[in-house]
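Understanding the architecture of this molecule
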Amino acid sequence: MGAIANDEMITAKDGQQHSWKSIKLLIATLIVSTLGDGFCGVMMAVALPNISETYHVSIATANWVTVGYAIVAATAVMTAATVLARIGLKKLFFWSRVLLIVSSLIGLFSLNFPMMLTSRLIQAVGSGLMFPTINTVIIRVVPAKISGRVVSLNSAIIGLGIAVAPLLSGVFLTYVSLTSMYVVPLAVGIISILMGAKFMFDVEPRKRHPIDVLSIALSFVGLAALMMGFSELTHRPLFAVPMLIVGVAVLAWFTVRQFHVDVPLLDLHPMKHLYVSIGVLMYMAGAMGQQAVLLLLPLYLERACDYTPFVAGCFLLIMTLFYSGSVIVGGKTVDRSGMWPVVSSGFLLMVIGLFATFFAAPTKIAWLVVLIGSVVVVGDALINVPDKDVVLEALPDNTVPDTSAIFSTGNQIAGSIGSALFVGVLSADVLRQTAEGVNRHAAYASGFQHSILIAAIFEVVMLLVSVWYSREMVKHDRAKINQPA
């Protein structure tokens, strides 16, 4: 962001002018908060075995600190555009950081599993409100010629939070205590709220938008039912299938409602355009493939290979540093030449990495499995920013906040589906095989393989979709997508 002079005045999309220095400080503040939110998203990745043993619950039950977080975050993401318009960026940022601090304090002093789960649900509200907001702010105030690079910088910082989270969590879990890892989001929350007090400013006029409470309830209930269904699909199918049906029905009700209320919780009109809806689907597919590796690998390393949470966190750090570096490459590539062929290359790498992980898992050679898994996260990095940036830049300005929220909602839904499905499959395999007399290490390795294979098959389909989509998509910076009425 150094190519523009600090004192140069930039005209934002709302017509207001801000110095480039003030915009950089605003973005820096949001990126610091993003770092904390990225940490929160995966801080429990290496903690599931410890939660299971400490609170005497199954791995699938322990995983609700991840699934529950994703469900609530997705619901919060849906409200973000409306809340941003209603109260402005300054207030939205302040209250989201207050929630992060409060939730971290509750988590730090958790005495039981319900208390820890509660902390995660509150944490998810604060994080969910900010996930789409920073992309909206970037599109609003950053010149279009460098928006892809700034979006990629934000994604890289999220990647850094994802990279550091398992490592720091592993240190705290191995050498301090289960709840001590909440110190990190608490510190980031305090630092970011102090920065916000000095550098935050509103980026668009406030509007008296009502918040549709029924839509909030429908989204939460629908997602919760859907995730319960996925988590129990291979373990208790007679319970899971009805829950999946209920979840789909409630979410369908939510979707229809958004087109009929005067002020929708999440304006889904951009999704009427085929290119937007497929772009969101591909974004979600990339997130699911990455989730398969980042969430399952710690369970594999700790249970199948007998490594400590700290060592598992070190391995994940290597993988996610690959992600952070690759996402910068993706941002520069999309600014230069659009999304072809970078997005399809990302899906190809993801498919190769997932199938290779499947075949390497029985060896229990940790460094090899981690190295191969890094190919998967690099693939997601090449999907993430190019896909999102091309769609956001091609849309009319007034649809950007809601489309950004749609992408972030899709990311949370993909994360929760991936978490519930993949951990559910692994947990069911482990319970079944250990009951049959298979030793725990072999059972976890087998469950890991099974879940990775499911992810790989899904990504093959999305690779084919991405080739067609990338060739047909409106070229970056050349045309606008006309929003259907």
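Each chain carries its own residue numbering, running from 1 in the direction its sequence is written. With pLDDT at 70 or above as the cut-off, local features in this predicted model cover only qualifying residues; side-chain atom pairs require 80 or more to be listed or tallied, and sums for whole chains, interfaces and linings still use all residues. Derived side-chain values reflect all non-hydrogen atoms in the structure, with water molecules and hydrogen atoms excluded from consideration.

1. Overview of the overall build of the chain
A helix here means a DSSP run of H or I that spans at least four residues, while a strand means a run of E at least two residues long, and both kinds are numbered starting from the N terminus. Within the chain, the secondary structure is distributed over 15 helices and two strands. Partly exposed describes any residue whose relative accessible area lies between the buried limit of under 20% and the exposed limit of over 50%, with all areas from a 1.4 Å probe on protein chains only and scaled to the type maximum. Counting only residues that meet the buried cut, the chain has 61% of its 485 residues in that class. With an accessible surface of roughly 17,700 Å², the chain has 68% of that area assigned to carbon and sulfur atoms. Values of accessible area rely on a 1.4 Å probe in the Shrake-Rupley scheme; residue burial ignores everything except the protein chains shown.

2. Notes on the nonpolar core
Remark: nonpolar core denotes a set of buried residues (Ala, Val, Leu, Ile, Met, Phe, Trp, Tyr, Cys) joined through side-chain atoms within 4.5 Å. Judged by nonpolar contacts, the single largest core of 149 residues is most densely connected at Met-44, Ile-51, Leu-297, Tyr-300 and Phe-448. The biggest single contributor to this core is helix α10 (residues 274–304), with 20 residues.

3. Considerations on the environment of Phe-201
Along the chain, Phe-201 falls in the loop between α7 (183–199) and α8 (213–231). For Phe-201, a relative accessible area of 17% gives the class buried. A sequence separation of 179 residues divides Phe-201 from Ser-22, and the C-alpha atoms of the two residues are 9.2 Å apart.

4. With respect to the environment of Glu-232
As for its position among the elements, Glu-232 is in the loop between α8 and α9 (237–258). Distance from Glu-232 to Val-425, taken between C-alpha atoms, is 8.0 Å for residues 193 residues apart in sequence.

5. Considering the packing of helix α4 (residues 64–108) against α8
Where α4 contacts α8, the axes come no closer than 10 Å and their chain directions differ by 150°. Taken together, the axes of α4 and α8 are roughly antiparallel relative to one another. Crossing angle aside, the handedness with which α4 passes α8 is right-handed. Counted together, Trp-64, Val-67, Ile-71, Val-72, Ala-74, Thr-75, Met-78 and Thr-79 of α4 and Ile-216, Ser-219, Phe-220, Leu-223, Ala-224, Met-227, Met-228 and Ser-231 of α8 form the full contact between these two elements. In the scheme used here, Gly and all other residues not listed as nonpolar or charged are polar, with Ala, Val, Leu, Ile, Met, Phe, Trp, Tyr, Cys and Pro taken as nonpolar and Asp, Glu, Lys and Arg as charged. For the contact of α4 with α8, the class distribution of residues is twelve nonpolar, four polar and no charged. Here an axis means a line fitted to C-alpha atoms, over the contact stretch when the element is a helix, while the angle between two N-to-C directions is reported on a 0 to 180 degree scale. Under this scheme an angle from 65 to 115 degrees is roughly perpendicular, one under 35 degrees roughly parallel, and one over 145 degrees roughly antiparallel; angles in between are oblique. The crossing is said to be left-handed when, going from far helix to near helix, the turn is anticlockwise and less than a right angle, and right-handed when the turn is clockwise. Contacts are assigned to residue pairs with any non-hydrogen atoms lying within 4.5 Å of each other.

6. Things to note about unusual backbone geometry
Glycine aside, residues mostly have negative phi, and peptide bonds are mostly found in the trans state. Phi is positive for His-56, close to 55°, though the residue is something other than glycine. Within the element layout of this structure, His-56 appears in the loop between α2 (48–55) and α3 (59–62). A relative accessible area of 72% means that His-56 is categorised as exposed. Unlike most non-glycine residues, Lys-364 shows phi in positive territory, near 60°. Its location among the elements puts Lys-364 in the loop between α12 (342–360) and α13 (366–394).

7. Remarks on the pattern of salt bridges
Within this document, salt bridges are pairs made up of a side-chain nitrogen of Lys or Arg and a carboxyl oxygen of Asp or Glu, the two lying within 4 Å of each other. The tally for this structure, following the rule as stated, stands at five salt bridges. A salt bridge links Arg-97 to Asp-37; its shortest N-O distance comes to 3.3 Å. On the criterion of sequence distance, the pair formed by Arg-97 in helix α4 and Asp-37 in helix α1 (residues 20–42) is long-range, its members being 60 residues apart.

8. Here we look at the packing of aromatic side chains
Whether two aromatic rings pair depends on their centres lying within 6.5 Å, for rings of Phe, Tyr and Trp, where Trp uses its six-membered ring; planes under 30 degrees apart make the pair stacked, over 60 edge-to-face, and the rest tilted. The full count for this structure, using the stated rule, is nine aromatic pairs. Taking the centre distance of 4.5 Å and the plane angle of 25° together, the rings of Tyr-300 and Phe-448 count as stacked. Here Tyr-300 is found in helix α10, whereas its partner Phe-448 is found in helix α15 (residues 440–472), with 148 residues between them in sequence. Overall, the relative accessible area of 1% leaves Phe-448 in the buried class.

9. Considering the side chain of Ser-326
Secondary-structure assignment places Ser-326 in helix α11 (residues 309–337). Whenever two N or O atoms come within 3.5 Å, that pair is a polar contact, provided that in protein one can donate a hydrogen and the other can accept it, and provided that, for residues adjacent in sequence, both atoms are side-chain atoms. A distance of 2.8 Å separates a polar atom in the side chain of Ser-326 from the backbone oxygen of Phe-322. Apart from residues lying up to four places away in sequence, Ser-326 is in contact with Val-378, Ala-381 and Leu-382.

10. Considerations on a nonpolar patch on the surface
Patch membership needs two things, relative accessible area over 30% and no salt bridge, and members are linked within 9 Å if like-charged or within 5 Å if nonpolar (Val, Leu, Ile, Met, Phe, Trp, Tyr). A cluster of nonpolar residues, Ile-318, Phe-322, Ile-365, Trp-367 and Leu-371, forms a patch on the protein surface that exposes about 490 Å² of accessible area. The set of elements that each furnish at least two residues to the nonpolar patch consists of α11 and α13. Structurally, Ile-365 can be placed in the loop between α12 and α13. Under the relative-accessibility criterion, Ile-365 is labelled partly exposed at 34%.

11. Description of α4
Residue count minus one, scaled by 1.5 Å, sets the expected span of a helix. Its 45 residues place the ends of α4 only 18 Å apart at the C-alpha level, less than the 66 Å of an ideal helix rising 1.5 Å per residue. At Gly-88, α4 is deflected by roughly 115°, the largest bend along its length. Here α4 lies mainly inside the structure; 32 of its 45 residues are buried. To get the bend at any residue, fit one axis to the seven residues that end at it and another to the seven that begin at it, then take the angle between the two axes.

12. What about the packing of α12 against α15?
Contact geometry for α12 and α15: axes closest at 8 Å, N-to-C directions at 160°. When the axis of α12 is compared with that of α15, the two are roughly antiparallel. You can see that α12 and α15 cross each other, and the crossing is left-handed. Of the residues in the contact of α12 with α15, the class split is 18 nonpolar, five polar and one charged.

13. Here's the deal with the environment of Phe-113
One can find Phe-113 in helix α5 (residues 113–141). Expressed as a C-alpha distance, the spacing of Phe-113 and Val-65, which sit 48 residues apart in the sequence, is 9.0 Å. Residues contacting Phe-113, with those up to four places away along its chain left out, are Ile-51, Tyr-55, Thr-61, Ala-62 and Val-65.

14. Quick word on the confidence of the model for the chain
The quantity known as pLDDT measures the predictor's confidence residue by residue, on a range of 0 to 100. Taken over all residues, the pLDDT of the chain has a mean of 82, while the share at 70 or more is 90%. Of all the helices and strands in the chain, strand β1 (residues 9–11) carries the lowest mean pLDDT, 60, while α12 carries the highest, 93. In this model residues 476–485 is a low-confidence stretch, pLDDT under 50, and it forms 30 contacts with partners more than four residues away in sequence or in other chains.

15. Focus on the side chain of Thr-29
Looking at the secondary structure, you find Thr-29 in helix α1. Overall, Thr-29 belongs to the buried group, its relative accessible area being 0%. A polar side-chain atom of Thr-29 sits 2.9 Å from the main-chain carbonyl oxygen of Leu-25.

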